[in-house]
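# Descriptive analysis of the structure
Single-letter residue listing:
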Amino acid sequence: MNWIAERDWPRLEQGLAGRLRRDCGVDWERFIDHPFVRGMADGTLPEADFRRFLIQDYLYLIQYARAYALAIYKADTMEDMRSASGIVSGLLDTELALHIAYCAGWGLCVEDLHGQPESLELLAYTRFILDRGQTGDLLDLIVTLAPCLIGYGEIGARLMADPATRREGNPYWDWIALYGGEKFIGLVDAGLMTLERLAGRYGAEGRYPALLAEFRTAVKLEAAFWHAGRSGML
């Protein structure tokens, strides 16, 4: 049975997040069903491509954590501060730990990771997020951060539920299991609830076209970021 958001994760279809996700249409599908993702699902993605991607993703997550730390600063309620703080903790204590463990298997230590140059895809994406965070309000920032949080959760959930996803002997199963696992899904749900609270408080309906433009740009940059690990892919 194919994974369907309306049935298997209805919160993704609801509120502002659901509207943004639907209105991105083809751009959203290109992100979550990219050839890079399919290569992880069946285990055929070349290790060198995944290695390059994971190193860049490690550097990206450092900037992503800083952006969520900025959300703590911009928040005007303890509830929103705790939500952003929970995601920062998940990034620093869980996601980055997975990246470090993978890279250790390739003989790379943390100092080696920090010594790698940032790709153009990484520079474009992280600077866009930080720019919207600094020049916009809290809703602008959370909307811009949302494609990464929601998208990776949806990718993980889809791949975990798909019987065609290779489990035994798949070198990328740990990655899939992290993003499709209960802990990360919980972080996504918390982020969705925060986004919905902010939508009402910051007047999302009256400024929806601008929010959609921010969200769509981040989605396109997410899709482009797969190329940080695999050059020449369409």
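Identification of the chain as TenA family protein from Gluconacetobacter dulcium is taken from an unreviewed UniProt entry.

### Here we look at the UniProt feature "domain: Thiaminase-2/PQQC" (unreviewed entry) in the chain
Here the UniProt-annotated "domain: Thiaminase-2/PQQC" (unreviewed entry) positions come out as residues 28-228. Along residues 28-228, the helical share is 79% and the strand share 0%, with 18 Å between the first and last C-alpha atoms.

### Some remarks on the packing of helix α8 (residues 120-135) against helix α12 (residues 208-225)
Two elements in contact, α8 and α12, have axes whose closest approach is 9 Å; the angle formed by their N-to-C orientations is 160 degrees. The angle between the axes of α8 and α12 places the two elements in the roughly antiparallel class. Remark: the crossing between α8 and α12 carries left-handed chirality. Residues Glu121, Leu122, Ala124, Tyr125, Phe128 and Arg132 of α8 touch α12, and the partners they reach there are Glu214, Thr217, Ala218, Leu221, Glu222, Ala224 and Phe225. Of the residues that constitute the contact of α8 with α12, the class distribution is 8 nonpolar, 1 polar and 4 charged.

### What to know about the pattern of salt bridges
Taken as a whole, this structure holds 21 salt bridges when the rule is applied. Put simply, Arg216 and Asp27 hold a salt bridge, and the shortest N to O gap is 2.9 Å. In this pair, Arg216 is assigned in helix α12 and Asp27 in helix α3 (residues 26-32), connecting sequence segments 189 residues apart. Taking the shortest distance from any N to any O, the salt bridge between Arg207 and Asp140 comes out at 3.0 Å.

### Side note on the nonpolar core
Of all hydrophobic cores here, the largest spans 88 residues; its most connected members are Phe50, Tyr64, Tyr68, Trp175 and Trp226. In terms of residue count, helix α5 (residues 47-74) provides more of this core than any other element does, 15 residues in total. Trp175 has contacts with Met40, Phe50, Phe53, Leu54, Leu98, Tyr102, Tyr152, Ile155 and Trp226, leaving out every residue within four places of it along the chain.

### What about the side chain of Asp80?
With respect to the helices and strands, Asp80 occurs in helix α6 (residues 78-105). The class of Asp80 is buried, set by a relative accessible area of 3%. At a separation of 2.6 Å, a polar atom in the side chain of Asp80 contacts the side chain of Arg201. Those residues in contact with Asp80, other than ones at most four positions away along the chain, are Ala75, Leu138, Thr194, Arg197, Leu198 and Arg201.

### A short note on the side chain of Arg21
Looking at the secondary structure, you find Arg21 in helix α2 (residues 15-24). Leaving out residues up to four positions away in the same chain, Arg21 has contacts with Ala5, Leu12, Glu13, Trp28, Glu154 and Phe215.

### Points about the environment of Pro35
If you trace the backbone, Pro35 turns up in helix α4 (residues 35-42). With 191 residues separating them along the chain, Pro35 and Trp226 place their C-alpha atoms 8.9 Å apart.

### What about the packing of aromatic side chains?
The final tally for this structure, using the stated rule, is 22 aromatic pairs. Between Phe50 and Phe53 the ring centres are 6.3 Å apart and the planes differ by 40 degrees, which places this aromatic pair in the tilted class. Of this pair, Phe50 and Phe53 both sit in helix α5, 3 residues apart, which is roughly one turn of the helix. In this pair, the class of Phe50 matches that of Phe53, namely buried. Here the guanidinium or amino end of Arg19 rests over the ring plane of Tyr208, the centre of that ring lying 3.5 Å away.

### Here's the deal with helix α9 (residues 138-161)
An α-helical turn contains 3.6 residues, so any two residues separated by three or four positions project in the same direction. Its 24 residues place the ends of α9 34 Å apart at the C-alpha level, agreeing with the 34 Å of an ideal helix rising 1.5 Å per residue. If you look at α9, its biggest bend is around 40 degrees, right at Ala146, and the proline Pro147 turns up within four residues after that. Sitting at the amino-terminal end of α9 is Asp137, which places a side-chain oxygen 3.0 Å from the backbone nitrogen of Leu139.

About the cut-offs
- Residues numbered from 1 in each chain as written.
- Predicted model: local features only at pLDDT ≥ 70, side-chain atom pairs only at ≥ 80, totals over all residues.
- Heavy atoms only, no water.
- UniProt positions renumbered as here; feature names shortened; annotations may be inferred.
- Helix = DSSP H or I, 4+ residues; strand = E, 2+ residues; numbered from the N terminus.
- Axes fitted to C-alpha atoms, helices over the stretch in contact; angles between N-to-C directions.
- Parallel < 35°, antiparallel > 145°, perpendicular 65-115°, else oblique.
- Left-handed = near helix turned anticlockwise from the far one by under 90°.
- Contact = heavy atoms within 4.5 Å.
- Nonpolar A, V, L, I, M, F, W, Y, C, P; charged D, E, K, R; others polar.
- Salt bridge = Lys/Arg side-chain N within 4 Å of Asp/Glu carboxyl O.
- Core = buried A, V, L, I, M, F, W, Y, C linked by side-chain atoms within 4.5 Å.
- Buried < 20%, exposed > 50% of the residue type's maximum accessible area, 1.4 Å probe, protein only.
- Polar contact = N/O pair within 3.5 Å; in protein donor to acceptor, adjacent residues only side chain to side chain.
- Phe/Tyr/Trp six-rings, centres within 6.5 Å; stacked < 30°, edge-to-face > 60°.
- Lys NZ or Arg CZ within 6 Å of the ring centre and 35° of its normal.
- Expected span 1.5 Å × (residues − 1).
- Bend = angle between axes of the 7 residues up to and from the residue.

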